[in-house]
Amino acid sequence: MTPILDDATATHLTALAADTRPGAHVAVLAPGGHGKTMLLAHLARAVEAAGTPVHTLAEPGSEGVLLVDDAHQLDDADLRRVTGLAGTVRIVLAARPWPRPAALAELLELVGEQVLPEPFDLTQVRQALPARLRTDRFAEFVHGQTGGVPGFVDRLARTATGEPEVPAAALAEFRPELARLDETVLRFLLAADAGVGLRLDLVVELLETPDVHDVVEAARATGLVGPAGTLLPIAQRAVRALVPVERRAWIRQRLAELQLARGGQVLPLMRPLATTGIGGAGAATAFEAAAAEALATEPALAARLYAAAVTAGKAGIELGARRAEALALAGDLDGALRLADEVLTTEDAPRRKAAAAVAAAALAHRGQLARSAQLYRWAGVHPLATVAALGIGEPADAKDADGPPTSLWSALDLMARGVRESVTGAPTTALSMLVRAAGTLEPVGRGVLLPDSPAALGAILALHHGELATATSLLERAIAASTGGAPLATRHKLLLAWIAMVRGDLPEAGKILAGLPRSLEPRDSLFAVAAEVGVARRAGDAATLGRAWLRAGEAVLRHPVDLFTFLPLGELTMAAARLRDESRLATHLDQARLLLAGLGDPPLWATPLRWGGLHAAITAGRRDDAEEHAAALRTAAERDEQFGTIAAAAGCWLDVVDGTIDPDAVEDAAHGLHGAGFTWDAARLAGRAATKTSDRAAMVRLLDCARMVQGKPVTARRVSTSDVPDIGGLPREVSLSDRELQVAELVVSGMTYKDVGDRLFISAKTVEHHVARMRQRLGATSRSELLSQLRTLVGSSVARE
């Protein structure tokens with residue numbers, strides 16, 4: 001078999017084969033698997049072809065070339081015998097760089113030429129593969145697994161099926177090599193598999209020998225270890241497949257013990273052992289330390305490692321609080337509450353206050369803020385107790401943070417003060433505090449279990465106050481920093497969906513909602529279903545609205561009313577009026593009003609309920625109730641001019657109900673809502689006012705305003721049947737106006753006339769008129785024929801745009 005050689009090596013070997021001088025000795029030196037035997041045979045064939053006899057040590061001759069393979073395995077007597085023949089024959093030998101006994105070193109001193117085979121590059125790897133496997137993908141896989149070592153490339157080439165995977169047959173071929181290894185060398189390979197091959201301080205103690213250099217060189221000489229002291233990927237697979245798990249586990253456990261004694265990290269060592277079931281005090285301690293390291297970034301792994309520590313012999317109650325925290329951060333609130341309760345009900349259990357804080361956070365995610373506040377007080381986490389108490393309408397006195405002056409405690413203190421300020425002081429001051437709290441928490445908040453984040457609470461305040469850009473920035477930064485871990489990731493995304501919905505970007509809101517986990521905690525479930533209701537209501541999708549409303553009923557029952565859920569409650573209030581099911585929310589709205597009264601009716605928090613109540617009253621035809629809500633919004637505007645935008649819009653809505661339309665006031669209110677980010681509400685106000693005015697010029701002006709705040713062109717577009725390929729059934733030269741095309745698009749999507757009217761800010765009767773007119777002009781004899789023709793026209797319009 002001809003070896004695969006680069007041009008330079010081939011030229012060099014040709015020259016060496018042609019050199020017939022007796023003293024022109026050659027040594028081929030390389031670790032195992034580098035093709036030394038094949039090169040030796042290649043040289044022998046070239047020498048014989050030139051007419052020079054070739055001998056072996058078994059049958060030496062007095063002239064020509066003596067071939068010696070695996071010289072590193074010869075004993076001293078054989079090596080001296082070869083050295084003795086160096087004066088009469090030309091010696092060509094192959095050896096590994098280690099071991100290097102004195103007799104071999106003496107023989108190598110006589111060698112004038114050394115050949116040092118290198119691993120294959122990618123081109124050579126591809127050349128070594130069978131034709132059917134010579135794809136870029138597979139060649140790169142083989143090169144990555146083998147490091148280009150020719151012998152390992154050959155093993156994969158002979159056993160591969162074509163998929164980028166290492167067959168068991170290829171790994172089995174490593175068994176004889178591993179069996180021949182000295183015990184200390186095998187231990188070194190296991191240490192290399194654990195990732196500490198070059199930590200010589202650890203390796204010395206692990207191997208219990210001062211001759212670590214010899215062991216490292218012996219390991220490198222096997223060809224299994226790369227230049228950086230790590231196992232080649234295919235060698236690592238072989239070690240893990242062929243060396244018994246208990247041996248590998250013992251090595252990792254011993255290394256972990258040595259690392260702990262030095263104060264080092266043990267997570268990389270113990271991670272693979274989490275499910276092995278190994279036991280003993282040393283293993284339990286190592287698992288516990290590894291879990292603590294994993295908690296902030298991989299809480300699910302931390303929970304498994306804590307469980308492994310218990311399996312190894314650690315008392316479960318001693319780790320109960322830490323396991324509960326890990327489970328909670330991983331999103332398993334059921335498991336966290338179970339373990340936390342076990343700790344809390346055991347009088348002599350360690351870290352009972354930590355367990356109480358875990359339970360408090362988990363209960364907050366489930367909407368049980370009253371119990372959460374009690375637990376936080378008992379645990380001594382007063383800032384979070386304050387936030388929870390305010391959430392259920394209990395005024396909380398200012399109290400200095402009693403924790404250490406760390407970033408975490410500073411953030412919690414600012415968060416509590418910000419929420420308190422939102423109830424008793426200026427909204428802008430409160431929002432500033434929460435923004436600063438969120439920024440302080442970002443560097444340290446990833447592995448912190450929280451009932452809520454300052455970013456989420458700040459975003460809710462910003463939504464209440466009409467500062468959507470601030471809300472978006474807070475949430476995006478919290479998501480990037482993974483603040484609060486998995487339990488708060490969904491909450492942050494939900495609030496981004498809410499902002500998209502309020503802005504009128506319904507596709508983006510729907511996309512975010514569709515990407516959420518299927519199983520949600522009660523608080524997230526309430527926000528999610530309210531957002532689904534809001535998207536469906538704004539889209540005029542009656543069918544989806546009805547389905548979402550059924551789920552909303554359950555979500556409302558699962559979550560008690562609190563201060564931080566007024567956004568979904570306000571949205572559901574409007575939907576309830578539209579669906580004539582207001583009684584479902586009556587008790588919750590009464591509780592919300594009592595909660596606000598207990599806090600002194602802070603306008604910042606009351607606004608969503610007032611705005612939702614206004615629209616619910618208008619929908620239900622209760623003019624006096626609508627006036628009450630509008631008056632409350634005007635009162636809020638007297639205290640904070642930021643509420644003036646909502647108050648002005650409320651006044652315009654009352655005028656719309658009364659049929660008194662002031663185009664200037666409506667435009668100003670619509671632009672004010674749009675400037676605050678409430679794009680959909682702005683367009684709806686302008687559009688509905690346009691349908692109520694009898695002034696043609698005012699109607700056009702207000703419709704243009706509605707389109708502009710939505711970012712839509714105000715110039716008309718038309719589509720004609722002459723623009724559609726002749727597929728039969730369509731009369732020629734029939735054009736649809738911009739408004740008719742809008743109606744057609746929504747009708748063919750399945751909307752009712754009322755839903756189309758709500759979307760386009762026109763009456764259902766006007767929609768019916770448009771449809772009848774299109775049917776007459778298109779010559780359709782039935783509704784199904786009309787819908788078919790409209791689909792064709794709508795498709796043509798979309799294609800041209």
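Residues numbered from 1 in each chain as written. Predicted model: local features only at pLDDT ≥ 70, side-chain atom pairs only at ≥ 80, totals over all residues. Heavy atoms only, no water.

Draft legend 1. Focus on the overall build of the chain. Per the secondary structure count, the chain includes 42 helices and seven strands. For 801 residues, the compact-globule estimate of 2.2 N^0.38 gives 28 Å, and the C-alpha radius of gyration of the chain, at 39 Å, exceeds that figure by more than 25%. The dimensions of the chain, computed from C-alpha atoms along their principal axes, are 120 × 85 × 35 Å. Taken over 801 residues, the chain has a buried fraction of 52%. Taking the contacts inside the chain whose residues are at least 6 apart along the sequence as the reference set, 64% of them involve residues at least 24 apart. Total accessible area computed for the chain in this model is approximately 34,500 Å², and 52% of it derives from carbon and sulfur atoms. (Helix = DSSP H or I, 4+ residues; strand = E, 2+ residues; numbered from the N terminus. Rg over C-alpha atoms; globule rule 2.2 N^0.38 Å. Buried < 20%, exposed > 50% of the residue type's maximum accessible area, 1.4 Å probe, protein only. Contact = heavy atoms within 4.5 Å. Areas by Shrake-Rupley, 256 points an atom, 1.4 Å probe, with all protein chains shown as cover.)

Draft legend 2. Geometry of the packing of aromatic side chains. Counted by the stated rule, this structure contains four aromatic pairs. Aromatic pair Phe-152 and Phe-174: ring centres 5.1 Å apart, planes at 50°, arrangement tilted. Taken together, the positions of Phe-152 in helix α7 (residues 150-159) and Phe-174 in the loop between α8 (168-172) and α9 (175-180) put the pair 22 residues apart, joining distant regions of the chain. Pair check on accessibility: Phe-152 and Phe-174 agree, each one buried. (Phe/Tyr/Trp six-rings, centres within 6.5 Å; stacked < 30°, edge-to-face > 60°.)

Draft legend 3. Highlighting the packing of helix α24 (residues 427-441) against helix α25 (residues 454-465). Taken N-terminus to C-terminus, the directions of α24 and α25 make an angle of 155°; their axes are 8 Å apart at the nearest point. Between α24 and α25, the crossing angle belongs to the class labelled roughly antiparallel. Judged by the twist between their axes, the crossing of α24 over α25 is left-handed. Between α24 and α25, the contacting residues are Pro-427, Thr-428, Ala-430, Leu-431, Leu-434, Ala-437, Ala-438 and Leu-441 on the first element and Pro-454, Ala-455, Leu-457, Gly-458, Leu-461, Ala-462 and His-465 on the second. Among the residues making up the contact of α24 with α25, the classes are represented as twelve nonpolar, three polar and no charged. (Axes fitted to C-alpha atoms, helices over the stretch in contact; angles between N-to-C directions. Parallel < 35°, antiparallel > 145°, perpendicular 65-115°, else oblique. Left-handed = near helix turned anticlockwise from the far one by under 90°. Nonpolar A, V, L, I, M, F, W, Y, C, P; charged D, E, K, R; others polar.)

Draft legend 4. Spatial organisation of the side chain of Arg-155. Following the sequence through the fold, Arg-155 ends up in helix α7. Setting aside its immediate chain neighbours within four residues, Arg-155 contacts Ala-170, Glu-173, Phe-174 and Glu-177.

Draft legend 5. The arrangement of the environment of Asp-655 in detail. Summarising the element assignment, Asp-655 is placed in helix α35 (residues 644-658). In the structure, Asp-655 is positioned 51 residues away from Ala-706 in sequence and 17 Å away in space, judged by C-alpha atoms. Once residues lying within four places of it in the same chain are set aside, the contact partners of Asp-655 are Thr-660 and Ile-661.

Draft legend 6. Just the sheet that holds strand β2 (residues 54-56), in detail. Across the sheet, five strands lie side by side as β2-β3-β4-β1-β5; this open sheet has parallel pairing. The two strands at the open ends of the sheet, each matched to only one other strand, are β2 and β5 (113-115). Across the sheet, the mean angle from the axis of one strand to that of its neighbour is 20°, orientation sign disregarded. Sheet analysis places strand β1 (residues 26-29) next to β5, joined by three bridges and oriented parallel. Across the sheet, Val-26 pairs through a bridge with Glu-113, a residue of β5. (Pairing = 2+ DSSP bridges.)

Draft legend 7. Broad picture of the state of the cysteines. Summed over the entire model, instances satisfying the criterion amount to zero disulfides. Of the cysteine sulfurs around Cys-652, a residue in no disulfide, the closest is that of Cys-705, at 10 Å. (Disulfide = S-S within 2.5 Å.)

Draft legend 8. Looking closely at helix α23 (residues 407-424). With 18 residues, α23 extends 25 Å between its outermost C-alpha atoms, agreeing within 8% with the 26 Å of an ideal straight helix rising 1.5 Å per residue. Taken residue by residue, α23 has Trp-409, Ala-411, Leu-412, Asp-413, Leu-414, Met-415, Ala-416, Gly-418, Val-419, Arg-420, Ser-422 and Val-423 as its buried positions. Its buried side turned inward, α23 meets α22 (382-391), α24, α25 and α33 (603-620). (Expected span 1.5 Å × (residues − 1).)

Draft legend 9. Structural context of the pairing of β1. The two faces of β1 match: Val-26 and Val-28 on one face and Ala-27 and Leu-29 on the other face are all buried. Relative to strand β4 (residues 90-95), β1 runs parallel, the two sharing four bridges. Across the sheet, Val-26 pairs through a bridge with Val-92, a residue of β4.

Draft legend 10. Region of the structure containing the pattern of salt bridges. Enumeration according to the criterion identifies 43 salt bridges in this entry. Across the pair Asp-452 and Arg-523 runs a salt bridge whose closest N-O atoms are separated by 3.5 Å. A residue pair is termed long-range when its members are at least 10 positions apart, and Asp-452 in the loop between α24 and α25 and Arg-523 in helix α29 (residues 522-539) qualify at 71 residues. Across the salt bridge formed by Glu-627 and Arg-634, the nearest N and O atoms sit 2.8 Å from each other. Residue classification places Glu-627 among the partly exposed residues on the basis of a relative accessible area of 28%. Here Arg-634 falls in the partly exposed class, since its relative accessible area comes to 38%. Members of the salt-bridge network, linked through shared partners, are Asp-154, Arg-155, Arg-158, Glu-173 and Glu-177. (Salt bridge = Lys/Arg side-chain N within 4 Å of Asp/Glu carboxyl O.)

Draft legend 11. Highlighting the nonpolar core. By size, the foremost hydrophobic cluster in this structure holds 225 residues, and its most contacted members are Phe-287, Phe-566 and Trp-605. Residues Val-748, Ala-780, Leu-790 and Val-794 belong to the second largest nonpolar core, which totals 21 residues. (Core = buried A, V, L, I, M, F, W, Y, C linked by side-chain atoms within 4.5 Å.)

Draft legend 12. Representation of the environment of His-382 within the structure. One can find His-382 in helix α22. By relative accessible area, which is 22% here, His-382 ends up partly exposed. In sequence terms His-382 and Ala-416 are 34 residues apart; their C-alpha atoms lie 8.8 Å from each other.

Draft legend 13. A look at a negative patch on the surface. A cluster of acidic side chains, namely Asp-6, Asp-7, Glu-118 and Asp-121, defines a negative patch on the protein surface. The class for Glu-118 is exposed, based on a relative accessible area of 60%. (Patch = residues over 30% accessible without salt bridge, like charges linked within 9 Å, V, L, I, M, F, W, Y side chains within 5 Å. Lys, Arg positive; Asp, Glu negative; His and termini not counted. Charge placed at Lys NZ, Arg CZ, Asp CG, Glu CD.)

Draft legend 14. Summary view of the pairing of β4. Counting buried positions over the six residues of β4 gives six, a clear majority of the element. Where burial is concerned, the two faces of β4 agree: the one with Arg-90, Val-92 and Ala-94 and the one with Ile-91, Leu-93 and Ala-95 are both buried. What joins strand β3 (residues 65-68) to β4 is helix α3 (residues 76-85), and the crossover it makes is right-handed. (Right-handed = clockwise from strand over helix to strand, strands pointing away.)

Draft legend 15. Representation of α25 in the model. Over its twelve residues, α25 extends 16 Å from the first C-alpha to the last, a length consistent with the 16 Å expected when each residue adds 1.5 Å. Most of α25 sits out of view: twelve of its twelve residues are buried. Just past α25, the residue Gly-466 takes up positive phi, approximately 75°.

Draft legend 16. Main features of the confidence of the model for the chain. In this model, the chain carries a mean pLDDT of 89, and residues with pLDDT of at least 70 account for 95%. Element-level mean pLDDT values for the chain span from 52 in strand β6 (residues 719-720) up to 97 in helix α20 (residues 352-365). Note that residues 797-801 has pLDDT below 50 and, in this model, seven contacts with residues that lie over four places away or in other chains. (pLDDT = per-residue confidence, 0-100.)

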